Amino acid sequence: MEKLDYVIKEFNKWHGREAQARILEAKEDEVIIEFRGTFCKTCGLYDYFDDIAWEAIDFGLKIKPVEVVESEEDFEEGRYVVKYKLERD
């Protein structure tokens, strides 16, 4: 899971003004990640969830978002909890 910590760090480095991610739970084949922020209104919300998967490739991980488990939206802020599946070679 050390690699996944780097993935989150990179995501936050590049998207931190709009969204911050953190790992809530990590299992052998599943990861739950929380996203909080204002999120860019011209970008697709799900692009943020996919960006984690793209960042992971650079660290040799294959993960795929499979479900938004929770969502809370306020006027300018949001919180989303997303379940990812880890793919093994």
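Not measured: the values here are computed from a predicted model.

Conventions adopted
Residues numbered from 1 in each chain as written. Predicted model: local features only at pLDDT ≥ 70, side-chain atom pairs only at ≥ 80, totals over all residues. Heavy atoms only, no water. Helix = DSSP H or I, 4+ residues; strand = E, 2+ residues; numbered from the N terminus. Rg over C-alpha atoms; globule rule 2.2 N^0.38 Å. Buried < 20%, exposed > 50% of the residue type's maximum accessible area, 1.4 Å probe, protein only. Contact = heavy atoms within 4.5 Å. Areas by Shrake-Rupley, 256 points an atom, 1.4 Å probe, with all protein chains shown as cover. Pairing = 2+ DSSP bridges. Axes fitted to C-alpha atoms, helices over the stretch in contact; angles between N-to-C directions. Parallel < 35°, antiparallel > 145°, perpendicular 65-115°, else oblique. Left-handed = near helix turned anticlockwise from the far one by under 90°. Nonpolar A, V, L, I, M, F, W, Y, C, P; charged D, E, K, R; others polar. Expected span 1.5 Å × (residues − 1). Core = buried A, V, L, I, M, F, W, Y, C linked by side-chain atoms within 4.5 Å.

Things to note about the overall build of the chain
The secondary structure content of the chain amounts to 2 helices and 4 strands. Its helices and strands in sequence order give the chain the pattern α-β-β-α-β-β, from N to C terminus. Scaling as 2.2 N^0.38, a compact globule of 89 residues should have a C-alpha radius of gyration of about 12 Å, and the chain matches this with 12 Å. Seen through its principal axes, the chain has C-alpha atoms that stretch 40 × 25 × 20 Å. By residue count, 35% of the 89 residues in the chain fall in the buried class. For the chain, restricting intrachain contacts to residue pairs at least 6 apart in sequence, the fraction spanning at least 24 positions comes to 49%. Summing over all exposed atoms, the chain offers an accessible surface of approximately 6000 Å²; the carbon and sulfur share of this is 47%.

Brief notes about the sheet that holds strand E3 (residues 62-73)
The 4 strands lie next to each other as E1-E2-E4-E3, forming an open sheet whose pairing is antiparallel. Two strands close off the open sheet at either side, each with one partner strand: strand E1 (19-26) and E3. Direction aside, neighbouring strands of the sheet carry axes that sit 25° apart on average. Judged from the 10 bridges that link them, E3 and strand E4 (residues 78-87) form a sheet pairing that is antiparallel. Within E4, the position partnered with lysine 64 by the bridge is lysine 85. Helix H1 (residues 2-15) rests against E1, strand E2 (30-37) and E3 of the sheet, and its axis sits at about 165° to E1.

Looking at the packing of H1 against helix H2 (residues 45-57)
Contact pair H1 / H2: the axes reach a minimum separation of 9 Å and the direction vectors enclose 125°. Relative to H2, the element H1 is oriented oblique. Once H1 is placed against H2, the crossing between them reads as right-handed. Within the contact between the two elements, H1 uses Val7, Ile8, Glu10, Phe11, Trp14 and His15 and H2 uses Tyr48, Asp51, Ile52, Glu55 and Ala56. Looking at side-chain class alone, the contact of H1 with H2 contains 7 nonpolar, 1 polar and 3 charged residues.

Concerning H1
Taking 1.5 Å per residue as the helical rise, H1 with its 14 residues ought to reach 20 Å, and the 20 Å between its terminal C-alpha atoms agrees with that figure. Buried residues along H1 sit against E1, E2, H2 and E3.

What to know about the nonpolar core
In this structure, Ile33, Phe35, Ile52, Ile63 and Tyr84 are the most contacted members of the largest nonpolar core, which totals 21 residues. The set of elements that each furnish at least two residues to this core consists of H1, E1, E2, H2 and E4. With 5 residues, H2 is the single largest residue contributor to this core. Not counting residues within four places of it along the chain, the set of residues in contact with isoleucine 63 comprises Leu4, Ile52, Ala53, Ala56, Tyr84, Lys85 and Leu86.

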